[in-house]
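Below, each chain spelled out in residue letters.
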Amino acid sequence: MDKYLNKELTASVRAEDLLSKLSLEEKMAQVVCVFAGPADTLEEAVQSGMGQVSTLGFTKCKSMEEAATWQRQLQTMIMEKSKHHIPAIFHMEGICGAYVQDSTAFPSGVNRGATFDPDLEELIGEVVSRQEAAYGITQVLAPVLDVARDPRMGRQSEPYGEDPTLAGIMGAAFTRGIQNTETAGRHPEAVAKHFLGFHSSQGGIHSAAVDSGERQIQEVYAKPFQAAIKNSHLRGIMPCYCNVAGLPVHASKQYLTKLLRDEMGFDGVVVSDYGATGMVFGVQHVGESMAEAGFMCMEAGMDTELPITICYGADLKAKFESGEADIAVLDQAVLRILVAKFRMGLFENPFSLMGDELENTVHHAEDDEISMRAAQESLTLLKNDGILPLTGKEKTIAIIGPHGANARYYFGGYTHLSMVESQFAAGNSMAGVGVGGDSTSLDMDRVPSTNVQVDETDTFDSILRTLEPDCKNLVEEMKTLLPETKICYAWGYQKAGNDDSGFSEALKLIENADVAILTLGGKNGSGSIATMGEGVDATNINLPACQDAFILEASKLGKPLIGVHFDGRPISSDVADKYLNAIIEAWTPATFAAKAVTNVLTGKYNPTGKLPLTVARNAGQLPIYYNHLNGSAWHQGMSVGFTDYVDAPHTPRYCFGHGLSYTSFNYSDFDINQKEVSPNQELEISCVIKNEGMCDGTEVVQLYLQDVQASVTRPVKELQGFARVALKPQESRKVVFTLHPSQLAFLDSQMKWKIEKGQVHVQIGSSSEDIRLEGDFIISDSRFIAGKDRWLNGKGKVL
């Protein structure tokens, strides 16, 4: 028996044996992908096998069985075409769940960042892994480990927020959930994206060049990836579309080999973002031909081209055949791919489950509970003058706004629903999947506009009824929970623009109500029906003009006004801050949005969400983030200039980590167990948290550290750990953080990772600005370390 057929051998040994037997044609087949739907015939595209299959086509399948049958048929054909019967890797997006009928949908990444709950995030990863692996999918294109600091960028809802420590902890947890879950003999692998600096693109424009310096790239933008590599053995990476340091990341050996593999210790497979290799040549104008650009990418360390063959085709094959291109580069890429396939268990288990086995594997009773929990924990109470929770004595409640009666607004970009919706949009905005409709800028002064189309139609409503038949909107959920209260609804205003034609009806409802709930925000999704999403960027990060105008008019009626904001970027509005009595940031919570919001409104659930990002007052403040360098932003200090803008404060609208509760928490008994530590010595920092209110509550205790004086400019503070503490009324619990000085390591003036001696200031609080306890310790000596060996975060424990 050939070694590669012996499942008792390691994946590496089997892969090396199989590689030695492959022809050039078979090798080239392994580095490319095919993009197809269930009705497509792929005999021509698949000649010597296939490396990967894009499963975006699953969105066209009307049932679980149809998707499973398609996978089995396509995998059978691919293996029959391969001389050595090599199965393909089927990949699928996964940040918000599988793109298959009846799969579980999850809230957006920013929602889950707001939970500060890595245990829950790992459970989500497990569900996504199991449900996708049931269909033979073994590569999950998630988590999104970008550090999101620019709300103009339409994809701000996908990452966990602006902080690299938070993103690293949450992303490592999701990765564990994906990769530690075996299903039907298969071991799926996570592909983290978008390496590196994606959300710091010029002007907040999707795929534009990144101007960040090398220190920021490695210390901030690479940190979440390093955490997933070190703490969860991340097996896959997808580079970003952007140029960084003068080269497309897809073609950068500096980043894909020297940094990622040699310095960060990554040993898995790098796959291209959709169409990115073609963009290297055709958009970024690097390489004299498609084949040359393709070789540059492969030599840089980019193993697989997705989703179709552009640069890894016949012309590149000819270069290998003639000797113009070093065959060792191709062999290295193919070897990594084969190792992954053996590691995934694909050679023994290449096919989707069917029938009852498929049904029982995909659907577990706890899946919906996990999605509901994520939605519930993510809701963030930004403002409350005491109007919430509602008393239950309200006789009439008015609900206003498009989000109140249409549950489609609760599903963000990269959900199954959003992907299906995009197929019916007039214009496509997603990269690498073809372009349709008009791609000009949004006309925000009217709706419909050039690209924001009216989508409250039977076509789009039928998508919701098909994919999420049991999903209730807020009006329906409020009527269910409050049967004795009259719930009135009016559309009121649009998701964009300045149309005020619906004001009159809505204002009359508020006038006759005890309280009004205003659902606010745009449409986070895909294509021309969205106000933000992939390729749907904006210069205005505030509420639409029509919504601000309505709040102003409603405020004149003297009735309590509660704002519930649904969108992929956080609410930012001077009018809302001034006139709303309470504001709930809901983001895009998916299937159980209405139930989660209703629970918070009525006090059935005490909100626990914390902002995973800093909220700018307007786009003119950008970039703004809490962990800026000393002497910057609202810590300008003694530098020349006024301490505010001439037309606005330097401080943000809401700070990182902010989130209110219906109870109050006391922090006490602060202790640092050692006042001086060596560079290799752990220490513990602890405190006691008490719930001083009359209802259950959960506090997210946040630990920040500051290097007081250093050899290079350091941040004013950095999140280094956090813990969720659930408390009954008057209950107290102790929180202990275990830390290591290497968490404070930085790149010194010679760009070497250094733990530097000196004073460290400790802050513990309820947000980055609401600090309750403070102290200091000393690092006694300096020490150089490898970046991959440093601790990426402290470890919090609740006793």
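For the structure, check the block above.
Computed from a prediction, not measured in an experiment: that's the story for all the values here.

## Description of the nonpolar core
Generally speaking, a soluble globular protein has its nonpolar side chains buried in company with each other.
Stage number 1. Tyr 135 and Phe 195 are the most contacted members of the largest nonpolar core, which totals 136 residues.
Stage number 2. With eleven residues, helix α13 (residues 327-344) is the largest single contributor of residues to this core.
Stage number 3. In this view, Tyr 135 contacts Phe 58, Met 64, Ala 67, Ala 68, Gln 71, Val 100, Gln 101, Ser 352, Leu 358 and Val 362; residues no more than four positions away in its chain are not counted.
Stage number 4. The next biggest cluster of nonpolar side chains, apart from the first, holds 44 residues, and it includes Met 372, Ile 399, Phe 411 and Ala 586.

## Notes on the packing of aromatic side chains
Stage number 1. A complete count under the given rule lists 13 aromatic pairs for this structure.
Stage number 2. Ring geometry for Tyr 410 versus Phe 566: centroids 4.9 Å apart, planes at 35°, classification tilted. Residue Tyr 410 is located in the loop between β11 (396-400) and α16 (416-422), and its partner Phe 566 is located in the loop between β16 (561-565) and α21 (574-579); the two are separated by 156 residues in the primary sequence.
Stage number 3. For Tyr 410, a relative accessible area of 0% gives the class buried.
Stage number 4. Among the aromatic residues, those joined into a ring-pair cluster are Phe 116, Tyr 626, Phe 656, Tyr 704 and Phe 722.
Stage number 5. Positioned over the ring face of Tyr 704 is Lys 717, at 5.7 Å from the centre of the ring.
Stage number 6. Lys 795 extends its terminal NZ or CZ atom over the ring of Trp 791, reaching a point 4.3 Å from the ring centre.

## With respect to helix α11 (residues 290-300)
Stage number 1. Along α11, the positions that sit buried rather than exposed are Ala 291, Ala 293, Gly 294, Phe 295, Cys 297, Met 298 and Ala 300.
Stage number 2. Where the residues of α11 are buried, they touch α9 (253-263), α10 (276-282), α12 (314-322) and α13.
Stage number 3. A positive phi of about 125° marks Gly 301, the residue just after α11.

## Notes on the sheet that holds strand β25 (residues 753-755)
The pairing of strands in a sheet happens through backbone hydrogen bonds and is either parallel or antiparallel.
Stage number 1. Pairing in this open sheet of three strands is antiparallel, and the strands run β24-β25-β28 from one edge to the other. Of all the strands in the sheet, the pair left with one neighbour each is β24 (746-747) and β28 (783-784).
Stage number 2. Across two bridges, the pairing between β24 and β25 is antiparallel. When the bridges of β25 are listed, Leu 747 appears paired with Trp 753.

## A few points about the environment of Pro 544
Stage number 1. Residue placement: Pro 544 occurs in the loop between β15 (532-533) and α20 (545-555).
Stage number 2. Residue Pro 544 is classed as buried on the basis of its relative accessible area of 13%.
Stage number 3. For Pro 544, the residues in contact, after removing those within four places along its chain, are Lys 495, Ala 496, Gly 497 and Gly 521.

## Here we look at unusual backbone geometry
Among all residues except glycine, the phi angle is most often negative; among peptide bonds, the trans geometry is most common.
Stage number 1. Look at the link from Ala 142 to Pro 143: it is a cis peptide, with omega at 10°.
Stage number 2. As for its position among the elements, Pro 143 is in the loop between β4 (137-141) and α6 (164-179).
Stage number 3. Residue Pro 307 follows Leu 306 across a cis peptide bond; omega there is -10°.
Stage number 4. If you trace the backbone, Pro 307 turns up in the loop between α11 and α12.
Stage number 5. Of note in the backbone geometry, Trp 587 takes a positive phi value of approximately 60° without being a glycine.
Stage number 6. Turning to its location among the elements, Trp 587 is positioned in the loop between β17 (582-585) and α22 (593-602).
Stage number 7. Of the residues examined, Trp 587 reaches a relative accessible area of 0% and is grouped as buried.

## Let's talk about the packing of helix α7 (residues 214-221) against helix α8 (residues 223-232)
Stage number 1. One can describe the packing of α7 onto α8 by two numbers: an axis separation of 5 Å at closest approach and a directional angle of 45°. As the angle between them shows, α7 and α8 are arranged oblique. Residue-level inspection shows Gln 218, Glu 219, Val 220 and Tyr 221 of α7 in contact with α8, the latter providing Lys 223, Pro 224 and Phe 225.
Stage number 2. Residue composition of the contact of α7 with α8, grouped by class: four nonpolar, one polar and two charged.

## Focus: helix α3 (residues 64-81)
Stage number 1. Across its 18 residues, α3 extends 26 Å between first and last C-alpha, which sits within 8% of the 26 Å expected from 1.5 Å per residue.
Stage number 2. On its buried face, α3 sits against β2 (52-54), β3 (89-93) and α14 (355-362).

## Considering the side chain of Glu 93
Stage number 1. Within the secondary structure, Glu 93 sits in strand β3.
Stage number 2. For Glu 93, the contacting residues outside a window of four places in its chain are Tyr 99, Glu 132, Leu 141, Lys 193 and Tyr 414.

## Section: a nonpolar patch on the surface
Stage number 1. A grouping of Phe 35, Met 290, Ile 308 and Ile 310 is seen on the molecular surface, where their side chains present a nonpolar patch of about 290 Å² in accessible area.
Stage number 2. The topology assignment puts Met 290 in helix α11.
Stage number 3. Overall, Met 290 belongs to the partly exposed group, its relative accessible area being 31%.

Thresholds, definitions, all that
- Residues numbered from 1 in each chain as written.
- Predicted model: local features only at pLDDT ≥ 70, side-chain atom pairs only at ≥ 80, totals over all residues.
- Heavy atoms only, no water.
- Core = buried A, V, L, I, M, F, W, Y, C linked by side-chain atoms within 4.5 Å.
- Buried < 20%, exposed > 50% of the residue type's maximum accessible area, 1.4 Å probe, protein only.
- Helix = DSSP H or I, 4+ residues; strand = E, 2+ residues; numbered from the N terminus.
- Contact = heavy atoms within 4.5 Å.
- Phe/Tyr/Trp six-rings, centres within 6.5 Å; stacked < 30°, edge-to-face > 60°.
- Lys NZ or Arg CZ within 6 Å of the ring centre and 35° of its normal.
- Pairing = 2+ DSSP bridges.
- Axes fitted to C-alpha atoms, helices over the stretch in contact; angles between N-to-C directions.
- Parallel < 35°, antiparallel > 145°, perpendicular 65-115°, else oblique.
- Nonpolar A, V, L, I, M, F, W, Y, C, P; charged D, E, K, R; others polar.
- Expected span 1.5 Å × (residues − 1).
- Patch = residues over 30% accessible without salt bridge, like charges linked within 9 Å, V, L, I, M, F, W, Y side chains within 5 Å.
- Areas by Shrake-Rupley, 256 points an atom, 1.4 Å probe, with all protein chains shown as cover.
- Salt bridge = Lys/Arg side-chain N within 4 Å of Asp/Glu carboxyl O.

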